[in-house]
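Structure assessment
Here is how the chains run, residue by residue.
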Amino acid sequence: MDATQRELLRASALVAGYGSQDVCGPLDLLVEPGETLGIVGFNAAGKSTLLRTLVGYQEPVSGQSVILGAFTDDSSFIYRKAVSVVFDEDAFFPSLSVEEHLQLIAGGHGVPQPQAAVDHELIFFDLETARTEYPHRLSSGQRRRLLLAASLLRPCSLLVLDEPEQRLDPVMRAALATRLRELADAGTALLVVTHDPVFLASVADSVLLISNGQIIPTSVAEGAAAIGRA
Ligand SMILES: Nc1ncnc2c1ncn2[C@@H]1O[C@H](COP(=O)(O)OP(=O)(O)OP(=O)(O)O)[C@@H](O)[C@H]1O
């Protein structure tokens, strides 16, 4: 693996915000394969704004974030093949069933043995009995499971999750945390915004705490404690 392949994401003097209005920063950061970084802070601290800016979904106020040593947004095929992203929003085709959504992702990303991969996610996320349902007929937790299933079904080098624990029951939260840890141990890098200290401690190796516009690198223990104080 050369230096560029190891450098999944590099942020330099990155300030996130809207227009010329800073929300948080500056941040210097290097994310390499297998690293798991939690991002924590109060409501409106700027976690989602930072995450979106890091992955090139919105322009920084200043500084830059570069993916795979070359990309600053998701317009390239190489970027989209390497980076799997779930933000806290539902995005479905209303006339495709649960299973058809997953088949679409598997086909689009050239997953080997696609139906077996789809079946694996349906089982993992306990969506088997809902496989023929349409998104509007799912519970909010089931819709969340479907989004997460789609993100985990496809291979990626960098997995970016904004509050993945939201709307999941405790059993599913724990199963997801274990799965993410296994992915990281196998080399996938993970950026995860979370409000759940247990989930954070299960998944993250290190933490960025956003407080009063500052982005403070800290330990998992301190990050989990900071969530508790929020
Ligand atoms: N599109 C936007 N334009 C301008 N300001 C925005 C926009 N979206 C969010 N903000 C502001 O940016 C700040 C940070 O919001 P952000 O969603 O990043 O917070 P967060 O830490 O993810 O919060 P939460 O924990 O509530 O999800 C807030 O003050 C919010 O009002």
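Under an unreviewed UniProt entry, the name given to the chain is ABC transporter ATP-binding protein, and the organism recorded is Paeniglutamicibacter antarcticus.

**Looking at the sheet that holds strand E2 (residues 21-31)**
On the basis of which strands lie adjacent, the open sheet formed by 3 strands has the order E2-E1-E4 and antiparallel pairing. Strands at the two margins of the open sheet, each flanked by one partner only, are E2 and strand E4 (62-67). Averaged over neighbouring strand pairs, the angle between their axes works out to 30° when direction is ignored. Pairing geometry for strand E1 (residues 9-18) and E2, over 7 bridges, is antiparallel. Following the sheet pairing, Gly17 is matched in E2 by Asp22. Along the sheet, helix H2 (residues 47-54) contacts E1, E2 and E4; its crossing angle with E1, the most-contacted strand, is approximately 130°.

**Brief notes about the sheet that holds strand E6 (residues 158-162)**
Hydrogen bonds between backbone atoms are what pair the strands of a sheet, whose relative direction is either parallel or antiparallel. The sheet built from 6 strands is open, its strands ordered E5-E6-E7-E3-E8-E9 with mixed pairing. Either end of the sheet is taken by a strand with one partner, and the two such strands are strand E5 (83-86) and strand E9 (214-218). Here the strands of the sheet are splayed against their neighbours by 15° on average, with no regard to which way each runs.

Cut-offs used in this document
- Residues numbered from 1 in each chain as written.
- Predicted model: local features only at pLDDT ≥ 70, side-chain atom pairs only at ≥ 80, totals over all residues.
- Pairing = 2+ DSSP bridges.
- Helix = DSSP H or I, 4+ residues; strand = E, 2+ residues; numbered from the N terminus.
- Axes fitted to C-alpha atoms, helices over the stretch in contact; angles between N-to-C directions.
- Contact = placed C-beta atoms within 7 Å.

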